[in-house]
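These are the residues of each chain, in order.
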Amino acid sequence: MNLYYILDGGQSMRIIRFKKEGSTILAAVTDKNQVYELPFSDFIALVKTSEEKGKSTVAIVEEVISDSLPITSDFYELELVTPIDAPEVWAAGVTYEKSKEARNYEATHGKEPVAETFYDKVYDAKRPELFLKSTSARTVGPKEDVYLRSDSNWQIPEPELGLVIDRNGNILGYTVGNDMSSRDIEGENPLYLPQAKVWKRSCSIGPAIRLVETVENPYQFEITCRIYRHDEKVFEGSASTSQLKRTYEELVSYLTRDNEIFDGTVLLTGTCIVPPNEFTLNNDDHIEIEISGIGVLENTAKEQVSNSISNR
Ligand code: DO4
Ligand code: MG
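Bear in mind that the values here come from a model prediction, so they are computed numbers and not experimental data.

Caption draft 1: Fine view of the site of ligand 1. Lining the immediate surroundings of ligand 1 are 16 residues, of which V94, S99, E129, K197 and T271 lie closest. V94 has a polar backbone atom sitting 2.8 Å from an oxygen atom of ligand 1. With respect to ligand 1, the side chain of S99 contributes an N or O atom lying 2.6 Å from an oxygen atom. Here ligand 1 has 280 Å² of accessible area as a free molecule, and 99% of this is covered by the chains. Structurally, ligand 1 is housed in the largest cavity. Looking at the shell around ligand 1, the elements with two or more residues in it are β5 (88–93), α3 (97–108), β6 (129–135) and α6 (193–197). Class assignment of the residues belonging to the shell around ligand 1 gives a composition of 5 nonpolar, 4 polar and 7 charged.

Caption draft 2: Inspection of the coordination of the magnesium ion (ligand 2) at higher detail. The coordination sphere of the magnesium ion (ligand 2), as far as protein atoms go, consists of E158 (OE), E160 (OE) and D179 (OD), spread over 2.0 to 2.1 Å. Every donor residue of the magnesium ion (ligand 2) comes from the same chain, spaced as E-x1-E-x18-D. Linking E158 in the loop between β9 (155–156) and β10 (159–165) with D179 in strand β11 (residues 171–179), this pair joins segments that are 21 residues apart in sequence. Like D179, E158 is buried.

Caption draft 3: Examining empty space enclosed by the protein more closely. Within this structure, the stated rule accounts for 2 cavities of 30 Å³ or more. Reported here for the largest cavity is a volume of approximately 80 Å³. Lining of the largest cavity is provided by 15 residues; of these, G93, V94, S99, R103 and K197 occupy positions nearest its centre. Broken down by secondary-structure element, the contributors of at least two residues to the lining of the largest cavity are β5, α3, β6 and α6. Of the residues belonging to the lining of the largest cavity, the class tally is 4 nonpolar, 4 polar and 7 charged. There is about 40 Å³ of room inside the second largest cavity. Lining of the second largest cavity is provided by Y76, L78, L80, P142, K143, V296 and E298. Its residues assigned to classes, the lining of the second largest cavity shows 5 nonpolar, no polar and 2 charged.

Caption draft 4: Seen up close, the environment of T72. Within the secondary structure layout, T72 lies in the loop between α2 (57–65) and β4 (79–81). The contact partners of T72, leaving out residues within four places of it in the chain, are N33, Q34, V35, E77 and L78. Here D74 takes part through its backbone nitrogen, which lies 3.0 Å from a polar atom of the side chain of T72.

Caption draft 5: Focus on the packing of helix α1 (residues 43–53) against α2. The geometry of α1 relative to α2 is characterised by a closest axis approach of 8 Å and an angle of 100° between their N-to-C directions. Comparing their axes, α2 and α1 come out roughly perpendicular. Residue-level inspection shows L46, V47, S50 and K53 of α1 in contact with α2, the latter providing T57, I60 and V61. Looking at the contact of α1 with α2 residue by residue, the classes come out as 4 nonpolar, 2 polar and 1 charged.

Caption draft 6: Structural context of the state of the cysteines. Enumeration over the complete set of coordinates arrives at 0 disulfides. Cysteine C203 is unpaired, with the sulfur of C225 as its nearest cysteine sulfur at 14 Å. On the basis of relative accessible area, C203 is assigned to the buried category, the value being 0%. Lacking any disulfide linkage, C272 is separated from the closest cysteine sulfur, that of C225, by 10.0 Å.

About the cut-offs
- Residues numbered from 1 in each chain as written.
- Chains lettered and ligands numbered in written order.
- Predicted model: local features only at pLDDT ≥ 70, side-chain atom pairs only at ≥ 80, totals over all residues.
- Heavy atoms only, no water.
- Near = heavy atom within 4 Å.
- Polar contact = N/O pair within 3.5 Å; in protein donor to acceptor, adjacent residues only side chain to side chain.
- Areas by Shrake-Rupley, 256 points an atom, 1.4 Å probe, with all protein chains shown as cover.
- 1 Å grid on protein atoms, 1.4 Å probe; cavity = no way out; pocket = protein on both sides within 12 Å on 5 of 7 lines; lining within 4 Å.
- Sits in = over half its atoms within 2 Å of the grid points.
- Helix = DSSP H or I, 4+ residues; strand = E, 2+ residues; numbered from the N terminus.
- Nonpolar A, V, L, I, M, F, W, Y, C, P; charged D, E, K, R; others polar.
- Donors = N, O, S within 2.8 Å, 3.2 Å for Na, K, Ca; no water.
- Buried < 20%, exposed > 50% of the residue type's maximum accessible area, 1.4 Å probe, protein only.
- Points joined across faces, edges and corners; volume = space filled by probe spheres on them.
- Contact = heavy atoms within 4.5 Å.
- Axes fitted to C-alpha atoms, helices over the stretch in contact; angles between N-to-C directions.
- Parallel < 35°, antiparallel > 145°, perpendicular 65-115°, else oblique.
- Disulfide = S-S within 2.5 Å.

This is the structure in structure tokens:
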């Protein structure tokens, strides 16, 4: 059951982390964008304190900040890092019709599929597509570079709502995620999915975690993606989580089934925005993913020199 907390400042409470003098500081961002430092080592420590005290997380934050002063009213001016050190990032696929259409296009090179495809089937199946997207070491935060694969000519960002969950599958908050994807590698053969999805710096999350109890309807997040090349906008697309085919609880229930997951795991819920089929990311493209009430996740795509053994 969600507890709605209607005190001034708490309605859209978000949690961020930033670097200060070599340390990582946890902080809260209120409705009015006032930023307050928090005396917890990380988001999970805050959640654990709220459980121990039998209070909502937002109530604990309100208590802490009630007798302190904000450090800024613009959290983007801080040196932000991922809002949580997610031990694993999992991802759901083909949860929006837009993604199903894009996957079919990749697989058939634009021809009309003659029979029902795996993507058509998984879109309608009871069991969702879930895959391990990233680990903590591969995941980057706001303003960090995401990398492009050196062996792919068709790559895109996938803007996705991320669920921050605990070891029992409870949803603790919502964040913004980028599931960087290689369309030609997946299109060649769906068995290449791990290579189409997982490489160094192929995932970003941030800038904030919106506390679950402050969100009245998580199926009304607006997601917007903008891509800039040499300061010129080359793509913009928007969609809403209202178009999601499944529920968040359904995705979490399959992820946690006979599985062990860890506090602070992030589950990306699938993409609802796909740039035009002729679009591929270039070196230095700047990607912005904005989710209403959470924030804007910014990253720059960078080519990397292949370090595969065959190229040495
Ligand atoms: O089937 C491939 C994964 C699709 C995906 O990542 C998405 O729908 O977001
Ligand atoms: Mg995706």
